[in-house]
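Structural characterization, general
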Amino acid sequence: MGDISVHLVDRGRVHADTGYVLDGYSMGSASNPNPDHEMTEFVVWNAVVDGPDRTVLWDTGSNPAAGDGYWPEPLYEAFAHVDAAEHTLEGDLGAVGYDLADIDAVVMSHLHLDHAGGLAEFAGTDVPIYVHEAELKFAYYSAKTTEGSIAYLASDFDRDLNWRVVHGDEHTLFDGFRLIHLPGHTPGVLGAHIETPAGDVLVAGDECYVEGNYADEVPLGPGLLWSERDWFESLQTVKELERRTGGDVLFGHDLDRFASFGDGWNV
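Conventions and cut-offs
Residues numbered from 1 in each chain as written. Predicted model: local features only at pLDDT ≥ 70, side-chain atom pairs only at ≥ 80, totals over all residues. Heavy atoms only, no water. UniProt positions renumbered as here; feature names shortened; annotations may be inferred. Helix = DSSP H or I, 4+ residues; strand = E, 2+ residues; numbered from the N terminus. Buried < 20%, exposed > 50% of the residue type's maximum accessible area, 1.4 Å probe, protein only. Contact = heavy atoms within 4.5 Å. Pairing = 2+ DSSP bridges. Axes fitted to C-alpha atoms, helices over the stretch in contact; angles between N-to-C directions.

Moving on, we get to the UniProt feature "domain: Metallo-beta-lactamase" (unreviewed entry) in the protein. UniProt records the feature "domain: Metallo-beta-lactamase" (unreviewed entry) at residues 43-253, using the numbering of this structure. Segment residues 43-253 splits into 25% helix and 26% strand. End C-alpha atoms: 5 Å apart.

Rendered as structure tokens:
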């Protein structure tokens, strides 16, 4: 295995009800029939995985126009990316020392609008875009029909892109960087096992939005869970990887976990 470094890219903040992310968080009870709802600040992030001979971008973040009508109003009301306009992909990559021209490949953990909003930057290029077979099918099904999930926008991904379809449970991108299928949040979520000189990084991504999904095994909340059964099995996959490798787990939108990785992995 050659040297691999992981550089996290801050793509801004989403404000949303915690109940969307932790199932039952704001449920009433006999003694507390009207509990307060808690709004939480979540991080949107990408990562640059620098390998011996390839530089790979993990996800592409939200479209900067998310709050200016690009995202459907009901979705933005629920998940407000409050500073999307301040976070272009080119500018945020520059903040960690990279340029769009440095990117040799892109891995899409999934194609929801807060992850696929920067794919336009790679349209018409030969940069390979890795996505799981199940995700690509479900994204088009959702965006092009009235069924599926409303969190997919065809304008994000229905472009002239150099798709590289990932099949099955695992796919080795290069030595020390392995993609892992983690269905649950969507049918085709991809996580990763990345081996670096500083230790192993396990990308759970939106399989676990926050620490509570992982440590307490609380499922994602309403609207964020395609299959609870698959989600639970994928959770055990990540936990077994952590037991086996001792790797640090990176969650999809947990601001505290992102900040702790930012201190230790951007080297």
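This next bit is on the environment of A105. Within the secondary structure, A105 sits in strand β5 (residues 105-107). The class of A105 is buried, set by a relative accessible area of 0%. For the pair formed by A105 and Y130, sequence separation is 25 residues and the distance between their alpha carbons is 7.7 Å. Apart from the residues within four sequence positions on either side, A105 is in contact with R54, T55, V56, L57, V127, P128 and Y130.

Remark on secondary structure: sheet strands pair via backbone hydrogen bonds, oriented parallel or antiparallel. Spatially, the seven strands line up as an open sheet ordered β4-β1-β2-β3-β5-β6-β7, and their pairing is mixed. At either end of the open sheet lies a strand with only one pairing partner, and these are β4 (80-81) and β7 (162-166). Inspection of the sheet shows strand β6 (residues 128-132) paired to β7 by five bridges, in the parallel sense. Note that in β7 the partner of I129 across the bridge is W163. Sitting on the sheet, helix α3 (residues 133-144) is in contact with β6 and β7, with an inclination near 90° to β6.

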